[in-house]
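# Commentary on secondary and tertiary structure
Okay, here's what each chain looks like letter by letter:
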Amino acid sequence: MTDALIIAGREFRSRLIIGTGKYKSFQETARALEASGAEMVTVAVRRVNLDRSKESLLDLIDPDEYFLLPNTAGCYAAEEAIRTARLAREVGLSSWIKLEVIGDQQTLYPDVQATLEATRVLVKEGFTVLPYTSDDVVFAKRLLDAGASAVMPLGAPIGSGLGIQNAANIRILREIITGVPLIVDAGVGTASDAAIAMELGADAVLMNTGIAGAQDPVLMAEAMKHAVIAGRQAYLAGRMARKLYATASSPMEGILR
């Protein structure tokens, strides 16, 4: 992409952010990362071997090639997420954190109030916070006021693969969220879902299961790369106006009789 994604002053060429869970092996993870063209990779702090006493996913992520974004997946309280973020920084992963505070175990919807609380604390401690949240405009504004460096609304429940179920809300958020990136997080199941998210105006898309859960994850990773690029280009180009009736592609004027 010729137009860069900028988060907290850092520039990224790729607008695809991918997770590292649910792959069949570390080797498959590495191949999918390469095929995706992603520069930012998110890792669940509570699910990796931080001391590297045995083979760890972290061994496959070259810090010179990928920007590591730790996440607080699996946390159900603000205090729990804050401790996890602190741990990630203490072991040298990053001072950036993808903040997840889950409020409901069945739907994995975020606890927006706890997310807001954790954002305030972590921003004050010098973290760059990228919070996973609902598509609620009011809470998006509150996260911005708290110092969030991005707003990351779900497109559908985590791991569902349903695609973008809240297009109108994403479009509204796009109009309101202008100072930081808007990143669709969760729900993408295939390449067309990623393209739609980008066409709605998202600055980037974060996904995991949509790639890892495919029959051929490496090929799907490459498809997602192209989908994000195509969706961004279509958004910048501006789609044609929708019309109820047909309009001839070739005008009648000048036709030989």
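The present account deals with the structure reproduced in this document. These figures come from a predicted structure and were not determined experimentally.

Moving on, we come to the overall build of the protein. Regarding its fold elements, the protein presents 8 helices and 10 strands. At 19 Å, the protein has a C-alpha radius of gyration in line with the 18 Å of a compact globule built from 257 residues. For the protein, buried positions account for 51% of its 257 residues. For the protein, contacts bridging at least 24 residues in sequence account for 65% of all contacts bridging at least 6.

Let us look at the pairing of strand β7 (residues 128-133). Burial analysis of β7 places 6 of its 6 residues in the buried class, which makes it a mostly covered element. By the alternation rule, side chains of β7 split into Thr128, Leu130 and Tyr132 and Val129, Pro131 and Thr133, which are all buried. Note: strand β6 (residues 96-99) against β7, 4 bridges, orientation parallel. If you follow Trp96 over to β7, its bridge partner there is Thr128. Running through helix α3 (residues 112-124), the crossover from β6 to the neighbouring parallel element β7 is right-handed.

As a further point, take a negative patch on the surface. A cluster of acidic residues, Glu34, Asp62, Asp64 and Glu65, forms a negative patch on the protein surface. Note on Asp64: relative accessible area 76%, which makes it exposed.

Here the focus is the packing of aromatic side chains. Under the defined criterion, the tally for this structure stands at 3 aromatic pairs. Here Phe12 and Trp96 contribute two aromatic rings whose centre-to-centre distance is 6.3 Å and whose plane-to-plane angle is 75°, an arrangement assigned as edge-to-face. On the criterion of sequence distance, the pair formed by Phe12 in strand β2 (residues 10-12) and Trp96 in strand β6 is long-range, its members being 84 residues apart. Side by side, Phe12 and Trp96 carry an identical accessibility label, which is buried. Among the aromatic side chains, those forming a connected cluster through ring pairs are Phe12, Phe67 and Trp96. One Lys or Arg, Arg89, reaches over the ring of Phe127 and ends 3.8 Å from the middle of that ring. Arg142 extends its terminal NZ or CZ atom over the ring of Phe139, reaching a point 5.2 Å from the ring centre.

With that settled, consider the packing of helix α6 (residues 191-199) against helix α8 (residues 217-237). Running from N to C, α6 and α8 cross one another at 25°; their axes reach a closest spacing of 7 Å. With respect to α8, the axis of α6 lies roughly parallel. You can see that α6 and α8 cross each other, and the crossing is right-handed. Residues Ala191, Ala194, Ala195, Met198 and Glu199 of α6 form the contact with α8, whose participating residues are Met220, Ala223, Met224, Ala227, Val228, Gly231, Arg232, Ala234 and Tyr235.

Those residues of helix α5 (residues 167-176) that fall on the buried side of the exposure criterion are Ile170, Leu173 and Arg174. When α5 is viewed along its axis, its buried side chains cluster within an angular range of 105° and face the same direction. Tucked inside the fold, the buried residues of α5 contact α4 (137-145), β8 (152-153), β9 (183-185) and α8.

Cut-off values and rules
- Residues numbered from 1 in each chain as written.
- Predicted model: local features only at pLDDT ≥ 70, side-chain atom pairs only at ≥ 80, totals over all residues.
- Heavy atoms only, no water.
- Helix = DSSP H or I, 4+ residues; strand = E, 2+ residues; numbered from the N terminus.
- Rg over C-alpha atoms; globule rule 2.2 N^0.38 Å.
- Buried < 20%, exposed > 50% of the residue type's maximum accessible area, 1.4 Å probe, protein only.
- Contact = heavy atoms within 4.5 Å.
- Pairing = 2+ DSSP bridges.
- Right-handed = clockwise from strand over helix to strand, strands pointing away.
- Patch = residues over 30% accessible without salt bridge, like charges linked within 9 Å, V, L, I, M, F, W, Y side chains within 5 Å.
- Areas by Shrake-Rupley, 256 points an atom, 1.4 Å probe, with all protein chains shown as cover.
- Salt bridge = Lys/Arg side-chain N within 4 Å of Asp/Glu carboxyl O.
- Lys, Arg positive; Asp, Glu negative; His and termini not counted.
- Charge placed at Lys NZ, Arg CZ, Asp CG, Glu CD.
- Phe/Tyr/Trp six-rings, centres within 6.5 Å; stacked < 30°, edge-to-face > 60°.
- Lys NZ or Arg CZ within 6 Å of the ring centre and 35° of its normal.
- Axes fitted to C-alpha atoms, helices over the stretch in contact; angles between N-to-C directions.
- Parallel < 35°, antiparallel > 145°, perpendicular 65-115°, else oblique.
- Left-handed = near helix turned anticlockwise from the far one by under 90°.
- Arc of directions from axis to C-beta.

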